[in-house]
Amino acid sequence: MKQNNVLKIWKEGGCVVNGWLAIPSGFSAEVMAQGVAGLAWDSITVDMQHGVQDYSSAVPCITAINTTSVTPFVRVPWLDEGIIMKSLDAGALGVICPMINTADQAKRLVEACRYPPLGQRSFGPIRAGFYGNDYQPEANASIAVMAMIETQTALDNLDAILSTPGLDGVYVGPADLSLSLTGKVGFDHAEGTVQYEAIMGILAACKKHGVHAGIHTGSGDYAAKMAQKGFQFTTIGSDSRLLQVGMQVELTKVRSATGGLKAGPY
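First things first, this report covers the structure right here in the doc. (Residues numbered from 1 in each chain as written. Predicted model: local features only at pLDDT ≥ 70, side-chain atom pairs only at ≥ 80, totals over all residues. Heavy atoms only, no water.)

## Some words on the overall build of the protein
Link 1 in the chain: Looking only at helices and strands, the protein features 12 helices and eight strands.
Link 2 in the chain: Taking 2.2 N^0.38 as the reference for a compact globule, 266 residues should give roughly 18 Å; the C-alpha atoms of the protein span a radius of gyration of 19 Å, in line with that estimate.
Link 3 in the chain: Expressed as a percentage of the 266 residues in the protein, the buried residues total 49%.
Link 4 in the chain: A separation threshold of at least 6 residues defines the contact pool for the protein, and within that pool the share at least 24 residues apart is 67%.
Link 5 in the chain: Carbon and sulfur atoms provide 57% of the accessible area of the protein, an area that totals close to 12300 Å².
Link 6 in the chain: Counting 19 positive and 23 negative side-chain charges, the protein places the averaged centre of each group 5 Å from the other. (Helix = DSSP H or I, 4+ residues; strand = E, 2+ residues; numbered from the N terminus. Rg over C-alpha atoms; globule rule 2.2 N^0.38 Å. Buried < 20%, exposed > 50% of the residue type's maximum accessible area, 1.4 Å probe, protein only. Contact = heavy atoms within 4.5 Å. Areas by Shrake-Rupley, 256 points an atom, 1.4 Å probe, with all protein chains shown as cover. Lys, Arg positive; Asp, Glu negative; His and termini not counted. Charge placed at Lys NZ, Arg CZ, Asp CG, Glu CD.)

## Description of a nonpolar patch on the surface
Link 1 in the chain: Nonpolar side chains collect at one region of the surface, where L243, M247, L251 and V254 lie side by side and expose about 360 Å² of accessible area between them.
Link 2 in the chain: Structurally, V254 can be placed in helix α12 (residues 239-258). (Patch = residues over 30% accessible without salt bridge, like charges linked within 9 Å, V, L, I, M, F, W, Y side chains within 5 Å. Salt bridge = Lys/Arg side-chain N within 4 Å of Asp/Glu carboxyl O.)

## What to know about the nonpolar core
Here is a general trend for soluble globular proteins: nonpolar side chains tend to be buried in one another's company.
Link 1 in the chain: Among the nonpolar cores identified, the biggest contains 66 residues, and V46, I84, L109 and F231 are the most heavily contacted of them.
Link 2 in the chain: The dominant element in this core, judged by the number of residues it contributes, is helix α10 (residues 194-209), at eight residues.
Link 3 in the chain: Formed by 12 residues, the second largest nonpolar core is a distinct cluster that contains I96, M146, Y171 and F233. (Core = buried A, V, L, I, M, F, W, Y, C linked by side-chain atoms within 4.5 Å.)

## Some words on helix α4 (residues 81-89)
Link 1 in the chain: Buried within α4 we find I83, I84, M85, S87, L88 and D89.
Link 2 in the chain: Those residues of α4 that are buried are in contact with α3 (55-65), β3 (71-75), β4 (94-97), α5 (103-113) and α6 (135-142).
Link 3 in the chain: Its side-chain oxygen at 2.8 Å from the backbone nitrogen of G82, D80 defines the N-terminal cap of α4. (Polar contact = N/O pair within 3.5 Å; in protein donor to acceptor, adjacent residues only side chain to side chain.)

## Quick look at the pairing of β4
Link 1 in the chain: Burial along β4 is two-sided: the residues G94 and I96 and V95 and C97 are all buried.
Link 2 in the chain: One ladder, built from three bridges, connects β3 with β4; its direction is parallel. Bridge assignment links R75 to a residue of β4, and that residue is I96.
Link 3 in the chain: Chirality of the crossover, the property in question, places the unit of β3, α4 and β4 among those that are right-handed.
Link 4 in the chain: Taken together, the four bridges between β4 and strand β5 (residues 144-149) define a ladder with parallel strand orientation. Its bridge partner lying in β5, I96 is registered against M146. (Pairing = 2+ DSSP bridges. Right-handed = clockwise from strand over helix to strand, strands pointing away.)

Below is the structure:
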């Protein structure tokens, strides 16, 4: 099987830098996977929950990512064993599942990602099988499973969730967590806030249980801060967000330079 960079980096004690695909385009995925100026993502997640992605668009995105050494992940829309298994069959090497609030839900997630006897995954790796005849024997040890922690209910059940056998990591959804705790959406929470303290509590619990902690962030600066705190998986925005930020930077330059100028005769 293709090497899972995420599991390798975790084993070495490092922090994964993860990209995010909201745009349903194989070309956008290819651009992200190729990196720029010698810089590359360790993994890229196809977002089938809030991104403009479905299974039909996710497959070419996974295909494009798999032409590089970058590890393809999928955030599935919900805890639905069918789409989890289809995403893995399409070649994803990691699954992030939203709104995992109980130990039973965490157990269902893990079982959907593992072949028997460790789980209930059905065999049929229609694309994943392209990467070697050893897929099935190696799949259980090569796929990363992450549960999203993003509600007060999940916090209440955190120790039980983190005790789930086979769960590799959890992924903090800061917007929904903020909504659950305060009634307001927020990102990149400042120290001293209720949300920040909850996030640090999740991190501490992960360390206690030996489970890897991940978080979605809105900037490279905040991602770096979270990595320094001990998070081992950080996402920086998404392709659509990076496009918006790039536009803002360049449009600000040209609008500032040409403000008040009138067009020439041509």
